[in-house]
Amino acid sequence: MTPDVLVLGEILVELTAREPLRDGASLQLGFSGDALNAAAAAAAAGAHTCLLARVPDDELGDELVARVAGLGIDTSCLIRTRGQHGLYLQHADPSGQREFVYVRRGSAGSGLSATDVPEDLAGRAGVVLSSGVACAISTTTFEAVQVAARAARCFVYDPNWRPRLVGADTAGAHLRALAPHARLVTPAWPREAAALLDTAVPGPAAACAAFRALGAAAVALTQGASGVLLDDSGHKTEIPAYPAEQIVDQTGAGDVLAGTVAARLALGDGLPDAVRLGAAAAALSLRGHGGTGYLPELAESRRLIAQIGVEVPG
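Because the structure is predicted, anything quoted here is derived from the model rather than measured.

The rules behind each value
Here, residues in each chain are numbered from 1, in the same order as that chain's written sequence. Restriction of local features to residues with pLDDT of at least 70 applies here, the model being predicted, together with a cutoff of 80 or more for giving and counting side-chain atom pairs; totals for whole chains, interfaces and linings are based on all residues. Excluding hydrogens and water, the side-chain values take into account all heavy atoms of the structure. Helix and strand assignments come from DSSP, with helices taken as H or I runs of at least 4 residues and strands as E runs of at least 2, each series counted from the N terminus. Note on exposure labels: buried denotes an accessible area under 20% of the residue type's maximum, exposed denotes more than 50%, and partly exposed covers the range between, all computed with a 1.4 Å probe on protein chains only. Here, two residues are considered to be in contact whenever any of their heavy atoms come within 4.5 Å of each other. Throughout, the Shrake-Rupley method with a 1.4 Å probe supplies accessible areas, and for residues the shown protein chains are the sole cover considered. Definition used in this section: a nonpolar core is a set of buried Ala, Val, Leu, Ile, Met, Phe, Trp, Tyr and Cys residues joined via side-chain atoms within 4.5 Å. Directions are taken from the helix axis to each C-beta atom, and the arc is the one they span. Of the two site types, the cavity is a set of points on a 1 Å grid over the protein atoms alone where a 1.4 Å probe fits but cannot get out, and the pocket is an open set with protein on both sides within 12 Å along at least five of seven lines, each lined by residues with an atom within 4 Å of a point. Grid points are joined across faces, edges and corners, and a volume is the space filled by probe spheres set on the points. Residue polarity follows a fixed list, in which Ala, Val, Leu, Ile, Met, Phe, Trp, Tyr, Cys and Pro are nonpolar, Asp, Glu, Lys and Arg are charged, and the others, Gly among them, are polar. What makes two strands pair is DSSP finding at least two bridges between them. Between N-to-C directions, angles cover 0 to 180 degrees, with each direction set by a line fitted to C-alpha atoms, over the stretch in contact for helices.

Our focus in this paragraph is the overall build of the chain. Summing up its helical and strand segments, the chain has eleven helices and 13 strands in all. Expressed along its principal axes, the backbone C-alpha trace of the chain runs to roughly 50 × 40 × 40 Å. Per-residue burial for the chain yields a buried fraction of 57% across its 314 residues. Counting contacts in the chain only where the partners sit at least 6 residues apart, residues at least 24 apart contribute 70% of the total. Surface accessibility of the chain: about 12600 Å² in total, with carbon and sulfur atoms responsible for 49%.

In terms of nonpolar packing, the biggest core is built from 60 residues, with Ile11, Leu51 and Ile73 touching the most fellow members. When residues of this core are assigned to their parent elements, the largest contribution, ten residues, is made by helix 10 (residues 271-285). In this structure, Ala144, Phe155, Ala210 and Val219 belong to the second largest nonpolar core, which totals 42 residues.

The next thing to look at is helix 6 (residues 168-178). Every buried residue of helix 6 is listed here: Ala171, Gly172, His174, Leu175 and Leu178. Each buried residue of helix 6 sits inside an arc of 155° when the element is viewed along its axis, so together they form one side. Where helix 6 is buried, its residues touch helix 4 (132-136), helix 5 (139-151), strand 9 (155-158), strand 10 (184-185), helix 7 (191-196) and helix 8 (204-213).

This part takes up empty space enclosed by the protein. In the structure shown here, the tally under the stated rule is four cavities of 30 Å³ or more. Val7, Leu8, Asp34, Ala35, Ala38, Leu129, Ser130, Ser131, Asp158, Asp255 and Ala258 are the residues that line the largest cavity. Of all the secondary structure elements, the ones that give two or more residues to the lining of the largest cavity are strand 1 (5-8), helix 1 (34-44), strand 8 (127-131) and helix 9 (253-266). Class assignment for the residues of the lining of the largest cavity results in six nonpolar, two polar and three charged. Of the pockets and cavities examined, the second largest cavity occupies roughly 50 Å³.

Moving on, we get to the sheet that holds strand 2 (residues 12-17). Read across the sheet, four strands follow the order 3-2-6-7 without closing on themselves; strand pairing throughout is mixed. The sheet is open, and its two borders are formed by strand 3 (28-32) and strand 7 (101-103), each paired with just one other strand. Within this sheet the neighbouring strands show an average axis-to-axis angle of 25°, counted without direction. As judged from the five bridges shared by strand 2 and strand 6 (residues 87-91), these two strands associate in the parallel manner. In the sheet register, Val13 faces strand 6, and the bridge partner there is Leu87.

What follows is about the layout of surface pockets. Its boundaries defined by the atoms lining it, the second largest pocket holds a volume of some 240 Å³. Forming the boundary of the second largest pocket are Phe100, Val101, Tyr102, Arg104, Arg105, Gly106, Ser110, Ala136, Ile137, Ser138, Arg164 and Leu165. In the lining of the second largest pocket, the residues fall into six nonpolar, three polar and three charged.

Along the chain, Thr222 turns up in strand 11 (residues 218-222). Sequence separation of Thr222 and Leu277 is 55 residues, and the distance between their C-alpha atoms is 13 Å. Among residues more than four places away in sequence, those in contact with Thr222 are Pro187, Ala188, Trp189, Gly227, Val228 and Leu257.

That is the geometry; function is a separate question.
Below, the structure is given as structure tokens:
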């Protein structure tokens, strides 16, 4: 069955502490990574979502696949292979300012390659979604993302820059290679935008124009508490930051936005409505620990938008 959304990336083991990481801290085992978070959000937003990733063929890998399926994601594109798991350690991050501690060099997931990408499936999928993290973990995963982006009829790219993983110059090069294939890119303002663009920009509107000049058809520039500035071929829409009733952990909020937007585009929503739903879902996701700790249903995201008087088609 052709998926509405095809997501490419790496699934990570997630070890979460409710306190700062130190000797003797208790850790909770889970599974996360931006690809899984985004795919789970896309599935929660109503899309048949398939996740393309390499997963170690061991007992922990079995549990990982079970978790992916439990999140409503199609596991038919998961590739079981020999190798080690990638993982990261984190503690709750209400402010959204922390970098994770990664242990992933040489992981099975980083071995995803162009030959793993079913180009016919990527071409039939409603939306193909990937990120700068997938591009950064190895040259082969970057090549895989390029193949999928070129084949896609609608490609969404989240730069998702992680300084501990890749330098700004390399991340910018990945963006420039992929932007011409993108229906939408979702960079963050100001830190990520400033790092990835070659030229200084005076504000969000100029940043959107600079990203579109790289070839992207549209830009959803996330601005934290200032909401999202959507620039679709020069037509700008300001989308507010929706109120979060409870902020437990901001881990994965950007992934939830990207996955929700991809799902709603694939299912026929207009871009402004898709981004509104993505922003609302991201706000609601803050009440959970970890990348998939809380994934709102579509109806819940629509109710949050309606609270401030914006109608979103059902």
